[in-house]
Amino acid sequence: MFAVKQGVYNASKIFKSMELFAIDSQQNRLPYDGCAYYYGPIIDPRATTSYYDILRSEIDWRNDEAIIFGKRIITKRKVAWYGDAPYAYTYSKVTKHALSWTPTLEAIKGLAEEKAQVKFNSCLLNLYHTGTEGMAWHSDGEKELVKHGVIASMSLGAERKFAFKHIRTKETVSISLQSGSLLTMQDQTQDYWQHRLPPTKKVTTPRINLTFRQMRAQAPVLNT
Ligand SMILES: O=C(O)CCC(=O)C(=O)O
């Protein structure tokens, strides 16, 4: 009887600490001027591998383009842009029009929405073939996005370091993004913090990142 009681006690203690861990893992990672919540892996490893394989083959991956100092740059990293409507999204001075959701993207979007408790209408995907491909410091404050809305970033594949830097104090915060994990950024984050995915020679395997976004309503795009 004692052993049973002891077992119940231990189980309730374990559940309590799991609860605390769940709350703790959703604490704001930014010390001020914004909110970033890291939930860790929210998709089990088998589903993560299967989502990765499907996205790798079914997404319309294209090399990203940017106009920097008037010069057109083509990245090794590939990107894709999907959404509820053919939303026009301009960043690095290049405009993309969203493609229609695939069933897999909608399933992953549902998981992000459940955790973040908001609806997303678009997703920018990035495919990094190895750790040598990354993304430079930037913020996602484009005028097409809902101001102070939520961006949900899901990672599939290689674990990569993700860093924030405050634009005034230069304080940095780093998070290691695990496969199947979710990170959300919201409120004033894009006003005060830049983020980047630093390149590294230590990672040799690929990673897919999906950033679910909230676009403002746009006038319909006319077919020309
Ligand atoms: O791959 C990542 O985690 C970063 C992606 C990113 O910064 C972006 O899409 O704006």
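The rules we used
Residues numbered from 1 in each chain as written. Predicted model: local features only at pLDDT ≥ 70, side-chain atom pairs only at ≥ 80, totals over all residues. Helix = DSSP H or I, 4+ residues; strand = E, 2+ residues; numbered from the N terminus. Contact = placed C-beta atoms within 7 Å. Pairing = 2+ DSSP bridges. Axes fitted to C-alpha atoms, helices over the stretch in contact; angles between N-to-C directions. Near = placed C-beta within 6 Å. Nonpolar A, V, L, I, M, F, W, Y, C, P; charged D, E, K, R; others polar. Core = buried A, V, L, I, M, F, W, Y, C linked by C-beta atoms within 7 Å. Buried ≥ 20, exposed ≤ 12 C-beta atoms within 10 Å, placed from the backbone.

Caption draft 1: Representation of the overall build of the protein in the model. Broken down by element type, the protein carries 4 helices and 14 strands. Taking the contacts inside the protein whose residues are at least 6 apart along the sequence as the reference set, 75% of them involve residues at least 24 apart.

Caption draft 2: Looking closely at the sheet that holds strand 8 (residues 135-138). Reading across the sheet, the 4 strands line up as 8-13-10-11 and stay open at both edges, with antiparallel pairing between neighbours. Taken across any chain shown, the strands that pair with only one partner, and hence form the sheet edges, are strand 8 and strand 11 (172-177). Averaged over all adjacent pairs, the angle separating strand axes in this sheet is 15 degrees, with direction ignored. Pairing analysis gives 6 bridges linking strand 10 (residues 160-166) to strand 11, with the strands arranged antiparallel. Within strand 11, the position partnered with Phe164 by the bridge is Val173.

Caption draft 3: Fine view of the site of the ligand. Taken together, Leu124, Asn126, Met135, Asp140, Ser153, Phe162, His195, Leu197, Asn209 and Thr211 make up the full set of residues near the ligand. Put simply, the parts of the chain that give the shell around the ligand at least two residues each are strand 7 (122-128), strand 13 (193-197) and strand 14 (207-213). The residue makeup of the shell around the ligand, split by class, is 4 nonpolar, 5 polar and 1 charged.

Caption draft 4: The arrangement of the nonpolar core in detail. Within the largest apolar cluster, 36 residues are counted, with the highest numbers of intra-cluster contacts made by Ala112, Cys123, Leu125, Ala152, Met154 and Leu210. When residues of this core are assigned to their parent elements, the largest contribution, 5 residues, is made by strand 7. If near-sequence neighbours (up to four positions away) are discounted, Cys123 is found in contact with Tyr82, Gly83, Leu105, Lys109, Leu210, Thr211, Phe212 and Arg213.

Caption draft 5: Structural detail: the environment of Met185. Checked against the element boundaries, Met185 lands in strand 12 (residues 181-186). Its 23 C-beta neighbours within 10 Å are what place Met185 among the buried residues. Spatially, the C-alpha atom of Met185 lies 8.2 Å from that of Ser153, the residues being 32 residues apart in sequence. In contact with Met185, other than residues within four places in its own chain, are Ala36 and Ile151.

Remember, this is a structural readout, not a statement about activity or role.
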